[in-house]
Amino acid sequence: MDFVDKIILGDCGQVLRKFPDDSIDLIFTSPPYADQRSKTYGGVKPDEYVDWFLPKAEQFLRVLKPSGTFVLNIKERVVNGERHTYVIELIQKMREQGWLWTEEFMWHKRNCYPGKWPNRFRDSWERLLQFNKRRKFNMYQEAVMVPVGDWARDRLSSLSETDRTRDESKVKSGFGKNVSNWVGRDKVYPTNVIHMATECSNRNHSAAFPVPLPVWFIKLFTQPGDIVLDPFVGSGTTAVAAKQLGRYYVGVDIGEEYCRMARERLVETQSRLLEEAAAYEEGTDNESTTLG
């Protein structure tokens, strides 16, 4: 695995050709959106976006393990007063390429500030599209469970007869629930809407997302020692998240300045982790001495 824990300068579509098949556990990335980051990626036009992305997606498909997952953070832009369809078209073409479009997560930006446009409101969310090679893939749902919430204290204290059995949907949708399943539980599975603030300090990168965003998906789809790839690594946020969680990282970017920035952040992260480990060991030693 001589390609891990590296930030590589180059076009990911070419760089990944040197990677072995079925070698990556998770791909998490946010490529430049159409007409954006023109100085680095050329500002790919919406009508050309699918053709630009598909050859790269072909390499992603090859290097991803059959048990792995690809999460794509992307959002449509407005062109001539309407939403362009390049994201929808990309999903369709990727399915033809062999991908399974398994799920769609929504990132709700909690600190999105107001704005005014003549024909729409300000965006406060982005897509995170989940793709897989196989229907069975690694997923560790318990790693991202959330507190059950205050509603449970009153709702579960007095269960009706209906609450104690599977209550089928009244509209015959095939869905149902058994409220009693949640008695005694302090954590539950989250929804596919992620409520998270945006990155306030973008480190000179035009589209940096917050570290907790890749952290959430890395926990969900990988275990310590797995390999996480970000083929548009930018300022290194995904790599930093992987390092923090004990995963191997691989970052690729065509921007030399971004690669430098990512490497510097990873050095900072490594130093902080070593300091935290040393402090923990010192605390453990002191506790042992006290108990002795």
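Please read these numbers as outputs of a predicted model, since none were measured by experiment. (Residues numbered from 1 in each chain as written. Predicted model: local features only at pLDDT ≥ 70, side-chain atom pairs only at ≥ 80, totals over all residues. Heavy atoms only, no water.)

Caption draft 1: Main features of the overall build of the protein chain. The helix and strand inventory of the protein chain stands at eight helices and 14 strands. Residues classed as buried in the protein chain amount to 42% of the 292 residues present. Carbon together with sulfur atoms contributes 50% to the accessible area of the protein chain, which is approximately 16,400 Å² in total. (Helix = DSSP H or I, 4+ residues; strand = E, 2+ residues; numbered from the N terminus. Buried < 20%, exposed > 50% of the residue type's maximum accessible area, 1.4 Å probe, protein only. Areas by Shrake-Rupley, 256 points an atom, 1.4 Å probe, with all protein chains shown as cover.)

Caption draft 2: How the structure looks around the packing of aromatic side chains. Per the counting criterion, the structure on display carries 18 aromatic pairs. Ring geometry for F70 against F131: centres 5.9 Å apart, planes inclined by 35°, an arrangement best described as tilted. Of the two residues, F70 sits in strand β3 (residues 64-74) while F131 sits in strand β7 (residues 125-132), which places them 61 residues apart along the sequence. Put simply, the rings of Y49, W52, F53, F60, F70, Y86, W99, F131 and F232 pair up and form one aromatic cluster. Positioned over the ring face of W107 is K109, at 5.1 Å from the centre of the ring. (Phe/Tyr/Trp six-rings, centres within 6.5 Å; stacked < 30°, edge-to-face > 60°. Lys NZ or Arg CZ within 6 Å of the ring centre and 35° of its normal.)

Caption draft 3: Representation of the nonpolar core within the structure. Membership of the largest hydrophobic core comes to 37 residues, with the highest contact counts inside it found for F53, F60, F70, I74, L90, M94 and W99. Of all the secondary-structure elements, those providing two or more residues to this core are α1 (12-15), β2 (24-29), α3 (49-63), β3, α4 (86-97), β7, β13 (227-230) and β14 (248-253). Examining the composition of this core, we find that eight residues originate from one element, α3, more than from any other. (Core = buried A, V, L, I, M, F, W, Y, C linked by side-chain atoms within 4.5 Å.)

Caption draft 4: Broad picture of the pairing of β7. Burial analysis of β7 places seven of its eight residues in the buried class, the great majority of the element. With six bridges connecting them, β3 and β7 associate as antiparallel partners. Counted as the bridge partner of N73 is L128 from β7. In terms of strand pairing, strand β6 (residues 100-109) meets β7 through eight bridges, oriented antiparallel. When the sheet's bridge partners are listed, M106 is paired in β7 with R127. (Pairing = 2+ DSSP bridges.)

Caption draft 5: Region of the structure containing helix α6 (residues 212-221). The element α6 is largely enclosed, with a buried count of eight among its 10 residues. Among all positions of α6, only L213, P214, V215, W216, F217, I218, L220 and F221 are buried.

Caption draft 6: Representation of α4 within the structure. The end-to-end C-alpha distance of α4, which contains 12 residues, comes to 16 Å, matching closely the 16 Å that a straight helix rising 1.5 Å per residue would cover. Of all the residues in α4, the buried ones are Y86, V87, L90, I91 and M94. Buried residues along α4 cover an arc of 140° about the axis, so they all sit on one side. Along α4, exposed side chains directed more than 90 degrees from the buried face belong to R95 and E96. Among the structural elements, α3, β3, β6 and β7 are those in contact with the buried residues of α4. (Expected span 1.5 Å × (residues − 1). Arc of directions from axis to C-beta. Contact = heavy atoms within 4.5 Å.)

Caption draft 7: Summary view of the sheet that holds β7. Pairing is mixed across the open sheet formed by eight strands, whose spatial order is β1-β14-β13-β2-β3-β7-β6-β12. The open sheet terminates on both sides in strands that have one partner only, identified here as β1 (6-9) and β12 (193-196). For this sheet, the mean inter-axis angle between neighbouring strands, taken without regard to orientation, is 20°. For β2 and β3, the ladder comprises five bridges, and the chain directions are parallel. When the sheet's bridge partners are listed, I24 is paired in β3 with L64. Its contacts with the sheet put helix α7 (residues 237-244) on β1, β2, β13 and β14, and the angle it makes with β14 is roughly 175°. (Axes fitted to C-alpha atoms, helices over the stretch in contact; angles between N-to-C directions.)

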